[in-house]
Amino acid sequence: MTEPEIFEVFAVKYATHDRNADMNFKDPPDIHDGPMPIDYFVWLLRSDKRTIVVDTGFTKETAEARGRTFLRCPTEGLALLGVNASEVEDVILTHMHYDHVGNFDLFPNARLHIQDKEMAFATGRNMRHRPFRNSMNIEDVVGMVRQIYADRVDFHDGDFEMAPGLTVHLVGGHTAGLQFIRVFTKRGWVVVASDACHLYANMEKVNPFPVIYHLDEMLEGYETLKRLADSPDHIVPGHDPLVMERYPAPSPELEGIVIRLDE
């Protein structure tokens, strides 16, 4: 059996959105509704042998159109970690929502890894329905189709191994082809959940984020996250500001911008 590589794992915050708690749960919270902002991240996985980016965020123009607070281009955050976007060879796109698949053009030499089901979802009959397409940016979707024609997209049908110590898992639920990452670190197996779990409270209260394709898959996804992580503390939700409090910055200069998930 191949020895797993040990990865450093970073979350890079690039945007935020002030909102109330009722926007973050399928069922109204059982507490008084109050402020509950969400943050937006991209993730960096780095071993001695490879550098992989997970998701590419959205642009300043998209932030303005959707009323989000744009803090920095995700590539600028990655550059603070010594990563040149033009040199990245692999990008895992967890799904096709606007906040995860913009800026792919800023990674011109990367292979883009996505599930078959997700591309079919984003370009097929489901997009006739406003609740599904509201979270898509049509220019990103069309742009991804162009990347297919440019032979830059690697399609996957289910779980796959990117490297020893790095596997990607199809979970669905939030979208048809949502995938998340399991990565081996010096503190054990960490799961970068992306939107398989938006907030710690979604999973703890079994009250999902309200953008749902299949509720049963979303709820089963929580169980999959728990099974593949070394502990609940090894699960990193995709949009929770609490991760900025629970994990350390790599350096004082990166406080509030980047955190290390492997420490």
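Since we're looking at a predicted model, the values are computed, not measured.

Peer 1: So, the overall build of the protein: which residues are in play, and what are the values?
Peer 2: Counting its secondary structure elements, the protein contains nine helices and 13 strands. Its C-alpha atoms give the protein a radius of gyration of 17 Å, within 12% of the compact-globule value 18 Å for 263 residues. Over its C-alpha atoms, taken along the principal directions, the protein stretches across nearly 45 × 40 × 35 Å. By the burial criterion, 57% of the 263 residues in the protein qualify as buried. A fraction of 68% describes how many contacts in the protein between residues 6 or more apart in sequence connect residues 24 or more apart. Of the side chains in the protein, 26 bear a positive and 42 a negative charge, and the two mean positions are spaced by 3 Å.

Peer 1: Which residues make up the packing of aromatic side chains, and what values go with them?
Peer 2: Inspection of every chain in the model, using the stated rule, returns 10 aromatic pairs. Ring centres of Tyr14 and Phe58 lie 5.0 Å apart, and the angle between their planes is 75 degrees; on these two criteria the pair is classed as edge-to-face. Within this pair, whereas Tyr14 is found in strand β1 (residues 8–17), its partner Phe58 is found in the loop between β3 (51–54) and α1 (60–66), the two being separated by 44 residues in sequence. Look at Tyr14 and you get buried, because its relative accessible area is 0%. Members of the aromatic cluster, each reached through a chain of ring pairs, are Tyr14, Tyr40, Phe58, Phe70 and Tyr98. Lying across the ring of Tyr98, Arg66 places its NZ or CZ 4.0 Å from the centre.

Peer 1: Residues and numbers for the pattern of salt bridges, please.
Peer 2: Taken as a whole and assessed by the stated rule, the structure comprises 10 salt bridges. Ionic pairing is found between Arg111 and Asp154, a salt bridge with its closest N-O pair at 2.5 Å. In this pair, Arg111 is assigned in strand β6 (residues 111–115) and Asp154 in strand β7 (residues 153–156), connecting sequence segments 43 residues apart. Residue classification places Arg111 among the partly exposed positions, given a relative accessible area of 26%.

Peer 1: Residue-level account of the layout of surface pockets, with values.
Peer 2: The space that makes up the largest pocket amounts to roughly 290 Å³. Around the largest pocket, the lining comprises 19 residues; the ones closest to its centre are Arg19, Arg68, Ser135, Phe209 and Val211. Listed by contribution, the elements that provide at least two residues to the lining of the largest pocket are β2 (38–46) and α3 (98–101). Split into classes, the residues belonging to the lining of the largest pocket amount to eight nonpolar, six polar and five charged.

Peer 1: For the sheet that holds strand β9 (residues 166–170), give the residues involved together with the corresponding values.
Peer 2: Overall, mixed pairing links the five strands, which are arranged β8-β9-β10-β11-β12 in an open sheet. Edge positions in the sheet fall to β8 (160–163) and β12 (235–237), since each of these pairs with one other strand and no more. Taken pair by pair, the neighbouring strands of this sheet meet at an average axis angle of 25 degrees, ignoring direction. Pairing geometry for strand β10 (residues 179–185) and strand β11 (residues 188–194), over five bridges, is antiparallel. Bridge pairing in β11 links Thr185 to Gly188.

Peer 1: An account of helix α4 (residues 116–123) is needed here, citing residue identities and associated values.
Peer 2: Turning to α4, its buried residues number three or more, namely Glu118, Met119, Phe121 and Ala122. End-on, the buried residues of α4 take up no more than an arc of 160 degrees, which puts them together on one face.

Peer 1: Break down the nonpolar core for me, citing the residues and quoting the values.
Peer 2: Among the nonpolar cores identified, the biggest contains 39 residues, and Val91, Met96, Phe107 and Met144 are the most heavily contacted of them. Of all the elements in the fold, those that place two or more residues in this core are β1, β2, α3, β6, α4 and α6 (138–149). Phe107 has contacts with Val53, Thr56, Thr75, Leu78, Ala85, Val88, Val91 and Arg152, leaving out every residue within four places of it along the chain. Formed by 25 residues, the second largest nonpolar core is a distinct cluster that contains Val183, Val243, Met244 and Tyr247.

Peer 1: Describe in detail the side chain of Thr16, supporting the description with residues and values.
Peer 2: Note on placement: Thr16 falls in strand β1. For Thr16, a relative accessible area of 15% puts it in the buried group. If we ignore the near neighbours within four places in the chain, the residues touching Thr16 are Ile38, Asp39, Tyr40, Arg68 and Thr69.

Peer 1: Tell me what's going on with unusual backbone geometry, and back it up with residues and numbers.
Peer 2: Its identity as a non-glycine residue notwithstanding, Asn103 has a phi of 70 degrees, on the positive side. Since its relative accessible area comes to 7%, Asn103 is described here as buried. Positioned with a positive phi, Asp151 is a non-glycine residue whose angle comes to about 60 degrees. Summarising the element assignment, Asp151 is placed in the loop between α6 and β7.

Scoring rules and cut-offs
Residues numbered from 1 in each chain as written. Predicted model: local features only at pLDDT ≥ 70, side-chain atom pairs only at ≥ 80, totals over all residues. Heavy atoms only, no water. Helix = DSSP H or I, 4+ residues; strand = E, 2+ residues; numbered from the N terminus. Rg over C-alpha atoms; globule rule 2.2 N^0.38 Å. Buried < 20%, exposed > 50% of the residue type's maximum accessible area, 1.4 Å probe, protein only. Contact = heavy atoms within 4.5 Å. Lys, Arg positive; Asp, Glu negative; His and termini not counted. Charge placed at Lys NZ, Arg CZ, Asp CG, Glu CD. Phe/Tyr/Trp six-rings, centres within 6.5 Å; stacked < 30°, edge-to-face > 60°. Lys NZ or Arg CZ within 6 Å of the ring centre and 35° of its normal. Salt bridge = Lys/Arg side-chain N within 4 Å of Asp/Glu carboxyl O. 1 Å grid on protein atoms, 1.4 Å probe; cavity = no way out; pocket = protein on both sides within 12 Å on 5 of 7 lines; lining within 4 Å. Points joined across faces, edges and corners; volume = space filled by probe spheres on them. Nonpolar A, V, L, I, M, F, W, Y, C, P; charged D, E, K, R; others polar. Pairing = 2+ DSSP bridges. Axes fitted to C-alpha atoms, helices over the stretch in contact; angles between N-to-C directions. Arc of directions from axis to C-beta. Core = buried A, V, L, I, M, F, W, Y, C linked by side-chain atoms within 4.5 Å.

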